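What the coordinates show
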Amino acid sequence: MKFKLATAGALLATTALIAQAAFAAAPDLPKTLAWSAYDVGSGGYNQAVAIGSAFKNKYGVNLRVIPGKNDVSRLLPLKAGRLDFVANGMGSYMAQEGLFEFGAETWGPQPLRLLMTNISSQALTVIVAADTGVKTIADLKGKRVAWVVGAPALNQNISALLKFANLTWDDVEKVEFGGYGASLAGIVNDQVDVGFSVTVSGKAYELEKSPRGLVWPTIPKSDTAGWERVKAHAPYFVPVLATEGAGLSKDHGVETSAYPYPILHTMADRKADEVYAMMQAMVDAYPDYKDAAPGSSGWALENQNLEWVIPYHEGAIRFFKEKGLWTEAHQKHNDSLIKRQEVLAKAWKGLKADTDPKEHMTAWQKARADALRAAGFDVAVESW
């Protein structure tokens, strides 16, 4: 009997070792991680789920993906310390700058830090129902355009792209929605004609197959004056030839706009070792998730833009240095971005001490612009 028990114990121990060996040598990550991402069905959400599946199969790590209907709902749990990382869009740039909803008294400029960005052949641009007859940005005049409450990035993006044709929100019919997913569903349901989307979004494919159909208006790179207007309003945009997504292919691309999406980031005070471990996992598991959701190939290490508009975390920088990718120029650019955040934080702190709550937003916009200019930085985005 003792022999049988000993044998059974040895068998259990061996089984446990085999089970551990089934997982790859895991980076030093906790057994459970939490991210926020865009709504269910969005390109960012689908990619986060694919990454979570890869982490589970490869490392035995559970990644909880929490969908948020707008930028505030995605970033608030991170600010409160209830999330580890966020896979977000340009709302994070707005949060860093203290713009729009993030200029409210309960927010202010946030010290965010990047890990990685997704750059692929997808686009981020205005999505339009084909039955509207729209072909170009100029054709959006008079159309119903979605405005997502609590999502300054989405609204700012549309504002910037309207600028390409010298249009503003006064030239279109604004239709308000409570969330990103609802705004895109509104196009399918003929409640609105235009929204903002990544081309690989599940909602984009849904619109393509709907009776209304789908079109991505052209934003040609050759129109330099138009692009200057866009970048003056949204410096993170770049012209692209998009070939991945609904209605697109390598043989049928469209000249339009993009920026990295999703962007994976955290707060500046996240421990460097935790960020470094996440970087290891993202890169090591890449072969397991790169084809699992549309646009996931954009997370490739060689696609990373190391001189963008949000600074990288020291844990990510350590990883890039080990890979031989981080240069003195990258460090200089990163230091400048951190300095920009420090200027914004100082301006915010000085403002809150003596500002009438009723005049807060106006006073903050002026203080922000004055502080940035005094420090030699571009203001970029100043108002709605």
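Everything below is about the structure shown above.
Below or above, wherever it landed, is the structure these notes cover. (Residues numbered from 1 in each chain as written. Predicted model: local features only at pLDDT ≥ 70, side-chain atom pairs only at ≥ 80, totals over all residues. Heavy atoms only, no water.)

Quick look at the layout of surface pockets now. Roughly 500 Å³ of internal volume is contained in the largest pocket. Taken together, 27 residues line the largest pocket, and the ones lying closest to its centre are Pro 235, Tyr 236, Glu 307, Trp 308 and Val 309. Secondary structure elements with two or more residues in the lining of the largest pocket: helix 4 (91-97), strand 10 (238-242) and helix 12 (328-352). Top contributing element to the lining of the largest pocket by residue count: helix 12, with four residues. Counted by class, the lining of the largest pocket contains 16 nonpolar, seven polar and four charged residues. (1 Å grid on protein atoms, 1.4 Å probe; cavity = no way out; pocket = protein on both sides within 12 Å on 5 of 7 lines; lining within 4 Å. Points joined across faces, edges and corners; volume = space filled by probe spheres on them. Helix = DSSP H or I, 4+ residues; strand = E, 2+ residues; numbered from the N terminus. Nonpolar A, V, L, I, M, F, W, Y, C, P; charged D, E, K, R; others polar.)

Should the charged atoms of two oppositely charged side chains come close, the side chains can pair. Evaluation of the coordinates by the stated rule reveals 15 salt bridges. Its salt-bridge partner being Arg 340, residue Glu 97 comes within 2.9 Å of it at the nearest N-O pair. With Glu 97 in helix 4 and Arg 340 in helix 12, this pair connects stretches of sequence that are 243 residues apart. Note on Glu 97: relative accessible area 0%, which makes it buried. On the accessibility criterion, Arg 340 (9% relative accessible area) is buried. Ionic pairing is found between Glu 274 and Arg 270, a salt bridge with its closest N-O pair at 3.3 Å. When salt bridges that share partners are traced, they join Asp 131, Arg 144, Asp 190, Asp 193 and Arg 212 into one network. (Salt bridge = Lys/Arg side-chain N within 4 Å of Asp/Glu carboxyl O. Buried < 20%, exposed > 50% of the residue type's maximum accessible area, 1.4 Å probe, protein only.)

Between helix 9 (residues 272-284) and helix 11 (residues 314-322), the shortest axis-to-axis distance is 7 Å and the interhelical angle comes to 50°. Compared by their axis directions, helix 9 and helix 11 come out oblique. Handedness of the crossing formed by helix 9 with helix 11: right-handed. In this structure, helix 9 contributes Ala 272, Asp 273, Val 275, Tyr 276, Met 279, Gln 280 and Val 283 to the contact, and helix 11 contributes Glu 314, Gly 315, Ala 316, Arg 318, Phe 319, Phe 320 and Glu 322. Class assignment for the residues of the contact of helix 9 with helix 11 results in eight nonpolar, two polar and four charged. (Axes fitted to C-alpha atoms, helices over the stretch in contact; angles between N-to-C directions. Parallel < 35°, antiparallel > 145°, perpendicular 65-115°, else oblique. Left-handed = near helix turned anticlockwise from the far one by under 90°. Contact = heavy atoms within 4.5 Å.)

Turning our eyes to something else, we now look at the packing of aromatic side chains. Applying the stated criterion across every chain yields a total of 19 aromatic pairs. Each residue in the set Tyr 93, Phe 196, Tyr 236, Phe 237 and Tyr 259 is aromatic and connected to the rest through ring pairs, giving one cluster. Between the NZ or CZ atom of Arg 270 and the centre of the ring of Phe 85, over which it lies, the distance is 5.8 Å. Above the ring of Tyr 276, the side-chain terminus of Arg 318 is found at 4.7 Å from the ring centroid. (Phe/Tyr/Trp six-rings, centres within 6.5 Å; stacked < 30°, edge-to-face > 60°. Lys NZ or Arg CZ within 6 Å of the ring centre and 35° of its normal.)

Fair warning: the whole summary comes from geometry, so function is off the table for now.
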